Amino acid sequence: MISSDLYLDYDMIRATRDNIRQVADLMERPCQAVAEADGAAMGVTRLVSRMDDFGDEWEYGISQLGEFAEEAAAALDEVIRAFQGIDEELASSLGSSEPGSSPHEVVAV
């Protein structure tokens, strides 16, 4: 095995990605609840308007957090694919550089 200065823990990146996706999923429920909140239930005209505005702003903000979380998770998938490709190329080039020898294992997991 060849040692490397670069070490990438794929399992940790996948766990982080999954946690970010869970955050996005968790945001859906409060986003829906805020969207369904009816200011008219407050009874006071001025408060109705303020409650509706508040609900609209929070619905937008929460939905944006969900979108950003999903984009971050997708970006982590791209990081994993890119580094796995590099690992495979390195392993292949190291294996073919010495005729008759078995490929070296490059660990970047």
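Analysis parameters
Residues numbered from 1 in each chain as written. Predicted model: local features only at pLDDT ≥ 70, side-chain atom pairs only at ≥ 80, totals over all residues. Heavy atoms only, no water. Helix = DSSP H or I, 4+ residues; strand = E, 2+ residues; numbered from the N terminus. Buried < 20%, exposed > 50% of the residue type's maximum accessible area, 1.4 Å probe, protein only. Contact = heavy atoms within 4.5 Å. Areas by Shrake-Rupley, 256 points an atom, 1.4 Å probe, with all protein chains shown as cover. Salt bridge = Lys/Arg side-chain N within 4 Å of Asp/Glu carboxyl O. Expected span 1.5 Å × (residues − 1). Polar contact = N/O pair within 3.5 Å; in protein donor to acceptor, adjacent residues only side chain to side chain. Core = buried A, V, L, I, M, F, W, Y, C linked by side-chain atoms within 4.5 Å.

What follows covers the overall build of the chain. Each helix and strand counted, the chain has 2 helices and 0 strands in total. Scored against the burial criterion, the 109 residues of the chain give a buried share of 18%. In the chain, the share of contacts with a sequence separation of at least 24, taken over all contacts with a separation of at least 6, comes to 71%. Carbon and sulfur atoms form 57% of the exposed surface of the chain, whose accessible area is close to 7,900 Å².

If you walk through the whole model with that rule in mind, you get 6 salt bridges. A salt bridge links Arg14 to Asp11, with the nearest nitrogen and oxygen atoms 3.7 Å apart. Of this pair, Arg14 and Asp11 are both found in helix H1 (residues 10-36), 3 residues apart, which corresponds to roughly one turn of the helix. On the basis of relative accessibility, which here comes to 28%, the residue Arg14 falls in the partly exposed class. In this structure, Asp18 engages Arg17 in a salt bridge whose closest nitrogen and oxygen atoms are separated by 3.1 Å. Given the relative accessible area of 14%, Arg17 is considered buried.

With 27 residues, H1 extends 40 Å from end C-alpha to end C-alpha; this agrees with the ideal 39 Å at 1.5 Å per step. Among the residues making up H1, those that are buried are Tyr10, Ile13, Arg17, Ala24 and Cys31. You can read the cap of H1 off the contacts: a side-chain oxygen lies 3.2 Å from the backbone nitrogen of Asp11, and it is on Asp9.

This part is about the nonpolar core. Counting 5 residues, the largest nonpolar core consists of Leu8, Tyr10, Ile13, Leu76 and Ile80. The set of elements that each furnish at least two residues to this core consists of H1 and helix H2 (45-96).

We now examine the side chain of Arg17. Its place among the elements puts Arg17 in helix H1. Those residues in contact with Arg17, other than ones at most four positions away along the chain, are Ala73, Leu76, Asp77 and Ile80.

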